[in-house]
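# Descriptive structure summary
Residues per chain, in single letters:
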Amino acid sequence: MSPIPQIALTDGHRIPQLGYGVFKIPPEQTERAVTQALELGYRHIDTAAVYGNEAGVGRAIAASGLAREELFVTTKLWNDRHDGDDPDTAVAQSLERLGLDRVDLYLVHWPTPAADNYVHAWEKLIGIRDRGLATSIGVSNFLPGHLQRLLDETAVVPAVDQIELHPAHQQPEVTAFCAAHGIRIEAWGPLGQGKYDLLELPEVTGPAAELGRTPAQVVLRWHLQHGHIVFPKSVHPERLRENLDLFGFELSDAQVAAIDVLDRPGGAGRVGPDPTVFA
Ligand code: NAD
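Residues numbered from 1 in each chain as written. Predicted model: local features only at pLDDT ≥ 70, side-chain atom pairs only at ≥ 80, totals over all residues. Heavy atoms only, no water.

## Focus on the site of the ligand
Applicable threshold: Residues are counted as near a molecule or strand when any one of their heavy atoms sits within 4 Å of it. Each polar contact in these results corresponds to two N or O atoms within 3.5 Å; when the atoms are within protein, one needs to be able to donate a hydrogen and the other to accept it, and residues that are neighboring in sequence are counted only if both atoms are side-chain atoms. Using a 1.4 Å probe, the Shrake-Rupley method yields the accessible areas, and only the shown protein chains count as cover for residues. A run of DSSP states H or I qualifies as a helix once it reaches four residues; a run of E qualifies as a strand once it reaches two. Both are numbered from the N-terminal end. Each residue gets one of three labels, nonpolar for Ala, Val, Leu, Ile, Met, Phe, Trp, Tyr, Cys and Pro, charged for Asp, Glu, Lys and Arg, and polar for the others, Gly among them.
In the region of the ligand, 25 residues are neighbours, and Asp46, Ser140, Leu191, Gln193 and Asn243 sit closest. Measuring from an oxygen atom of the ligand, one finds a side-chain N or O atom of Asn141 at 2.9 Å. In the environment of the ligand, a nitrogen atom lies 2.9 Å from a nitrogen or oxygen atom belonging to the side chain of Gln162. In the complex, 88% of the free accessible area of the ligand, which totals 830 Å², lies under the protein chains. Tallying contributions element by element places helix H9 (residues 237-244) first for the shell around the ligand, with three residues. Looking at side-chain class alone, the shell around the ligand contains eleven nonpolar, ten polar and four charged residues.

This is the structure we're talking about:
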């Protein structure tokens, strides 16, 4: 299998473009799931404090015998930990559960704009990075207005914005803002979380049949060709293998363009929470 490309972040560090997300994997199954993913060749793991499974990720990493520098681990600061010095406590707790002395990427999970404390949370992440507890820092679910405030009020541009992004919800305003400022896009829910008929649409099944690939591989390949960083979630070995095997084929420009038009503007294709109100 071809190696996973590394994407350059604007802070000078690099991130594997493809990883493994562990949202909704129950804590007691996480060690086994991550062990399986690492055995298959995944090296980038995306977790979060709120997933409740960082300890399972940590046990799998410890048991893997892999060198720390071979792995890329992301975790996230939850919404109720933005204030005061709580981000410092939260990152220490995450590192303890993960059994690591630093994460590769630490994110503010949601902007929670009603609380108006995401700029403070971001300033705390800058300190966390400066103390070496996170190599890179970024945000998640931030819209252009939220990002603009970080740029105006702090000196540090987030390395990534991890947003809900799949063919029915492409968020062109966010991706354009990020492209203009060197912020890399991480696409969460890359397969639409299985919440709509994405894998049955002819724009997806057509190329799958032509290329001898699965519909999920076509959608994930569409993400990669747009430069998105993705970490699809599954616990089934055959799907984990399939989701890793994306580098031996390519969609044509026409096949990419046909999927591009599946976007439903105005948030109509969103399957997760609305960042303007989610707290
Ligand atoms: P996803 O789009 O990856 O969908 C996962 C579902 O797709 C699985 O439950 C499975 O049913 C299906 N699937 C996976 N591989 C398949 C295949 N090869 N064929 C057919 N079906 C397949 O959604 P997700 O898990 O929500 O997103 C991926 C990761 O993004 C998460 O695990 C998590 O790490 C991250 N995430 C972040 C946020 C955030 O707010 N930052 C929110 C949700 C998820």
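Having put the structure on the table, let's press on.
## Things to note about unusual backbone geometry
Excluding glycine, most residues fall at negative phi; most peptide bonds, likewise, are trans. The phi torsion at Lys24 lies on the positive side, around 70 degrees, for a residue other than glycine. With a phi close to 50 degrees, Asp116 is a non-glycine residue in the positive phi region. Mapped onto the elements of the fold, Asp116 is located in the loop between strand S6 (103-108) and helix H4 (118-130).

Take it as geometry only, folks, not as evidence of what the structure does.
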